[in-house]
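Fold and contact review
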Amino acid sequence: MSNAPIYKRILYKVSGEALMGKQGFGIHPETLAQVAMDIIEAKSLGVEIGVVIGGGNIFRGVSLAAKGADRVTGDHMGMLATVMNALALRMELEKQGASAAVLSGLDIPAVCQPFSQRVLDAHQENGDIVIFAAGTGSPYFTTDTGAALRAAEFGVDAILKGTQVDGVYSADPKKDKNAVRYDQITHLEVLEKGLGIMDAAAISLARDNNIPVVVFSIAEKGGLAKVLSGKGRSTTISGQ
Ligand code: UDP
């Protein structure tokens, strides 16, 4: 692709579910390889990339809490699931020839580096793809909020949220055929309309720090690079 990228530094949010492919649970090797390939393709456009990966393909704290168990323990398990995904993604990125690092919001030094701004700066100077694991490092949050937090710390131009649909809709387009798709929408409108594309804490944090969120589909190969080249179909959530 010849176009200069529309953003120089991004935070790419990939949900855990994006890694499980059609198998319904865990990590599907071919799907993981595709996610890594998309990231490397985007990097080759000259974009600095931080990645926040979710854990929903393995575990979500709320699902344990719903059965009456302790939410905090469930969330710790959920965060560990994101670490597993992050390690798998790093391994795949390295296998495909990229340099990558995992920085975790939970301290597990034998497994990956604990997140700190200084370590982040060092990896960024080195040109590594940085994968942020364990969300915010605290229970009662999601990896979307982790993405907004790390996006602010990484000083990105935008958060790119890869989803199963090609943008933000007024309702779930898979359930409601009258759902309307937005090309542009503000953070405040997303909050006021209660749109479920990201949780309110994540949208508020992005709004407070003036970070646009670009929502696009990762169903198609190379979707990330396309959006970065200003070509793909997406919705931009921004201040104006
Ligand atoms: N989690 C948490 N704090 C965070 C981020 C995640 O406790 O800052 C836990 C929470 O239990 C969550 C799980 O990790 O359900 C997996 O994250 P998420 O549901 O955001 O993953 P995704 O939906 O993106 O796959």
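The structure reproduced in this document is the subject of the present report. The model shown is predicted, which means the values in this text are computed figures rather than measured ones.

1. With respect to the site of the ligand
Close to the ligand lie 20 residues; Arg60, Asp75, Thr136, Ser138 and Thr143 are nearest. The backbone of Met79 places a nitrogen or oxygen atom 3.4 Å from an oxygen atom of the ligand. A distance of 2.7 Å separates an oxygen atom of the ligand from a polar side-chain atom of Thr136. Considering every element that reaches the shell around the ligand, the biggest residue donor is helix H3 (residues 71–95), with three residues. Of the residues contributing to the shell around the ligand, the split by class is four nonpolar, 13 polar and three charged.

2. A look at the packing of aromatic side chains
Applying the stated criterion across every chain yields a total of three aromatic pairs. Taken together, the aromatic side chains of Phe115, Phe132 and Phe154 make up a single cluster linked through ring pairs. Note that Arg9 overlies the ring of Phe154, its terminal NZ or CZ placed 5.3 Å from the centroid. Lying over the aromatic face of Phe115, Arg150 brings its terminal NZ or CZ to 3.8 Å of the ring centre.

Conventions adopted
- Residues numbered from 1 in each chain as written.
- Predicted model: local features only at pLDDT ≥ 70, side-chain atom pairs only at ≥ 80, totals over all residues.
- Heavy atoms only, no water.
- Near = heavy atom within 4 Å.
- Polar contact = N/O pair within 3.5 Å; in protein donor to acceptor, adjacent residues only side chain to side chain.
- Helix = DSSP H or I, 4+ residues; strand = E, 2+ residues; numbered from the N terminus.
- Nonpolar A, V, L, I, M, F, W, Y, C, P; charged D, E, K, R; others polar.
- Phe/Tyr/Trp six-rings, centres within 6.5 Å; stacked < 30°, edge-to-face > 60°.
- Lys NZ or Arg CZ within 6 Å of the ring centre and 35° of its normal.

Functional significance is not addressed by these values, which are geometric in nature.
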